[in-house]
Amino acid sequence: MNQDFASTNGYLLKVEDLKTYFPIKKGLLRRTVGFIRAVDGVSFGIKTGQTLGLVGESGCGKTTVARSIVRLVPATDGQVVFDETDVLQANRFKLRELRRKISIIFQDPFGSLNPRMTVGNIIGEPMKVHKAAGGNELTERAGELLLKVGLSADHIDRYPHEFSGGQRQRIGIARALSLEPRLVICDEPVSALDVSIQSQILNLLKDLQEEFGLTFLFIAHDLAVVEFFCDIVAVMYMGKIVERASSEELYRNSLHPYTRALMSAIPQVEPSLRGQRGAFGGEVPSALKPPGGCAFSPRCPLAEGDCLKRGPTLREKSDGKGHFVACWKCH
């Protein structure tokens, strides 16, 4: 690890050139004949108290990035530094310590809770595993967390099937906070919920962030949600970040054709604002045989010349406002 990266420059989480490839095996001997490049050189940083939104179409690699960061999926290459600790090189004892500081809120509030466990046991399980609390202290702590997320302490002996989707997600949030983490990875936490419930959960997360000083990596495909919730937004396409900027800058002045097309898909109440940025057609190219040059070139209306020959790198705009874009035309 180079010294500049190890210092993290004030970032709680710093990811540099992260790659996660899944091998394709064929034949009787199961020989590797290729790789699916789910994450192919992703870099970003999150400072304490910030929220970074990772957005893109389904299958672009957002969730794989999150799972690679916490080593639920083995990364192929790159560096992940959390609080000046190299996560990918940590031994099992150090990794156990890190997992007290990093937690995940999962997408599906129905599948992420064990139906055979009571709410109290679900919230208390992380505290038991890490020996953070036990007995009456654990029960008391679980009840306090239920109150923090807008439920009643009386719910502690109930089972997940007795709750609605929004209430189950609140239980998932309480579980994620049980070990007092510093970083919370939100893997599309509101996409399975009704619109009215989404706003309640987002407001709850904002309140908890302010109260506990949390840092969020927020994964989503709904750009309207990301605009409301995130400080910085990184747009992914086929395993790469194609644009990254502050939320205000990205929504005011998006540059990459893919980002602009995603913006056009945000529902607008005012008819004059609908479809101003245009859309694109075509299908996402196969991850087994990605196109040469820019991965977005088969669907991009601006593609020509260099776009078809070599992939662009993520570069900062000359105005120095921290707006990065990977596009030959945009610069």
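Residues numbered from 1 in each chain as written. Predicted model: local features only at pLDDT ≥ 70, side-chain atom pairs only at ≥ 80, totals over all residues. Heavy atoms only, no water.

Student: Please provide a residue-by-residue account of the nonpolar core, values included.
Tutor: In this structure, Ile123, Ile173 and Phe218 are the most contacted members of the largest nonpolar core, which totals 57 residues. The element best represented in this core is helix α7 (residues 195-212), accounting for five residues. In contact with Ile173, other than residues within four places in its own chain, are Ile105, Val149, Ile201, Leu204, Leu205 and Leu208. With 32 residues, the next largest nonpolar core counts Val42, Phe44, Val70 and Phe82 among its residues. (Core = buried A, V, L, I, M, F, W, Y, C linked by side-chain atoms within 4.5 Å. Buried < 20%, exposed > 50% of the residue type's maximum accessible area, 1.4 Å probe, protein only. Helix = DSSP H or I, 4+ residues; strand = E, 2+ residues; numbered from the N terminus. Contact = heavy atoms within 4.5 Å.)

Student: A description of the pattern of salt bridges should follow, citing residues and the corresponding values.
Tutor: Here the structure, examined in full by the defined rule, presents 13 salt bridges. Between Lys101 and Glu97 there is a salt bridge, and its shortest N-O distance comes to 3.8 Å. With a gap of four residues between them, Lys101 and Glu97 both fall in helix α3 (residues 92-101), about one helical turn apart. Exposure remark for Glu97: the relative accessible area of 38% places this residue in the partly exposed category. (Salt bridge = Lys/Arg side-chain N within 4 Å of Asp/Glu carboxyl O.)

Student: Run through the sheet that holds strand β11 (residues 315-316), naming residues and quoting values.
Tutor: Read from one edge to the other, the open sheet built from eight strands follows the order β6-β7-β8-β3-β9-β10-β12-β11, with strand pairing classed as mixed. Every other strand in the sheet has two partners, leaving β6 (102-105) and β11 as the edge strands with one partner each. As paired elements, strand β10 (residues 240-246) and strand β12 (residues 324-325) share two bridges and run antiparallel to each other. Residue Arg244 lies in a different strand from β12, and its bridge partner there is Phe324. Sitting on the sheet, helix α10 (residues 257-264) is in contact with β9 (232-237) and β10, with an inclination near 105° to β9. (Pairing = 2+ DSSP bridges. Axes fitted to C-alpha atoms, helices over the stretch in contact; angles between N-to-C directions.)

Student: Give a description of empty space enclosed by the protein that names residues and reports values.
Tutor: Under the counting rule described, the total for this entry stands at two cavities of 30 Å³ or more. In this structure, the largest cavity occupies an estimated 80 Å³ of space. Lining the largest cavity, in full, are His256, Pro257, Cys294, Phe296, Ser297, Cys300, Leu302, Ala303, Cys307, Cys327, Trp328 and Lys329. Partitioned by chemical class, the residues of the lining of the largest cavity number nine nonpolar, two polar and one charged. Reported here for the second largest cavity is a volume of approximately 40 Å³. Lining the second largest cavity, in full, are Ile69, Val70, Val87, Leu95, Leu98, Arg99 and Ile102. In terms of residue class, the lining of the second largest cavity is made up of six nonpolar, no polar and one charged. (1 Å grid on protein atoms, 1.4 Å probe; cavity = no way out; pocket = protein on both sides within 12 Å on 5 of 7 lines; lining within 4 Å. Points joined across faces, edges and corners; volume = space filled by probe spheres on them. Nonpolar A, V, L, I, M, F, W, Y, C, P; charged D, E, K, R; others polar.)

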